[in-house]
Amino acid sequence: MVAAGAALADEVGLANLTMGLLAERLGVRTPSLYKHVSGQEDLNRRIAALALSEVADAVGGAVQGYAGRDALAAAARAFRAFVLEHPGRYAATIGVEPSGPDDPLAVAGVRGIGAFRAALRGYEIADTDVDHALRMLRSLCHGFATLQVANGFQWSADIDESFEWLITFADRGLRSL
């Protein structure tokens, strides 16, 4: 049911996802959904955990066997591709807080951070600066991908070229540390 909710969120947008719409899609009555989730907020949290896990898998798989700029580029491209393919489920991840270290959101979040951390291993980043580098990388990738999903780049420059420029910019910045 959560996977169906995530797919529907991708299709109609997270803001438009309702228990009633999901029940209709599944061919059941809305009260039947409450056997699986406690309500809309619970469904959205579960979609967020699924999305974070999928992002971690995508980025982690992409960086395997790469180092330095190649790992950075693979991670950034995998993240962007996920957001473009799954805008609704990715939207569920924004601003949701884990309830504790065993919360599926926290577990998936740690895996995702680990995947991005692996992408940064080829750079000489002081331990005290790794969190800053991770935040910078997430901000760049998140910002670009969410703007692209929202059709926020309406000028003539090629979007893929701009994204490659972003990767080069991040690589140069990380190398200069």
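For the structure itself, look to the data block above.
Predicted model only: the values in this text are computed from it and were never measured. (Residues numbered from 1 in each chain as written. Predicted model: local features only at pLDDT ≥ 70, side-chain atom pairs only at ≥ 80, totals over all residues. Heavy atoms only, no water.)

**Considering the overall build of the protein**
- Scanning the protein for helices and strands turns up 9 helices and 0 strands.
- Going from N to C terminus, the protein has its helices and strands arranged as α-α-α-α-α-α-α-α-α.
- Here the C-alpha coordinates of the protein stretch approximately 55 × 45 × 25 Å along the principal axes.
- For the protein, the proportion of its 177 residues judged to be buried stands at 39%.
- Sequence-distant contacts in the protein: of pairs separated by 6 or more residues, those separated by 24 or more amount to 66%.
- With the model as given, the accessible surface of the protein reaches about 9,700 Å², and the carbon-plus-sulfur share is 54%.
- Taking the 16 positively charged and 21 negatively charged side chains of the protein as two groups, their mean positions are separated by 3 Å. (Helix = DSSP H or I, 4+ residues; strand = E, 2+ residues; numbered from the N terminus. Buried < 20%, exposed > 50% of the residue type's maximum accessible area, 1.4 Å probe, protein only. Contact = heavy atoms within 4.5 Å. Areas by Shrake-Rupley, 256 points an atom, 1.4 Å probe, with all protein chains shown as cover. Lys, Arg positive; Asp, Glu negative; His and termini not counted. Charge placed at Lys NZ, Arg CZ, Asp CG, Glu CD.)

**Concerning the pattern of salt bridges**
- Under the definition given, this model contains 9 salt bridges.
- Glu11 is the partner of Arg25 in a salt bridge, and the nearest nitrogen-oxygen pair spans 2.9 Å. Within this pair, whereas Arg25 is found in helix 2 (residues 19-26), its partner Glu11 is found in helix 1 (residues 2-12), the two being separated by 14 residues in sequence.
- A salt bridge links Arg46 to Asp42; its shortest N-O distance comes to 3.0 Å. Of the two residues, Arg46 and Asp42 both sit in helix 4 (residues 40-63), 4 residues apart, roughly one turn of that helix.
- Taking relative accessible area as the criterion, Arg46 reaches 37% and is therefore assigned partly exposed. (Salt bridge = Lys/Arg side-chain N within 4 Å of Asp/Glu carboxyl O.)

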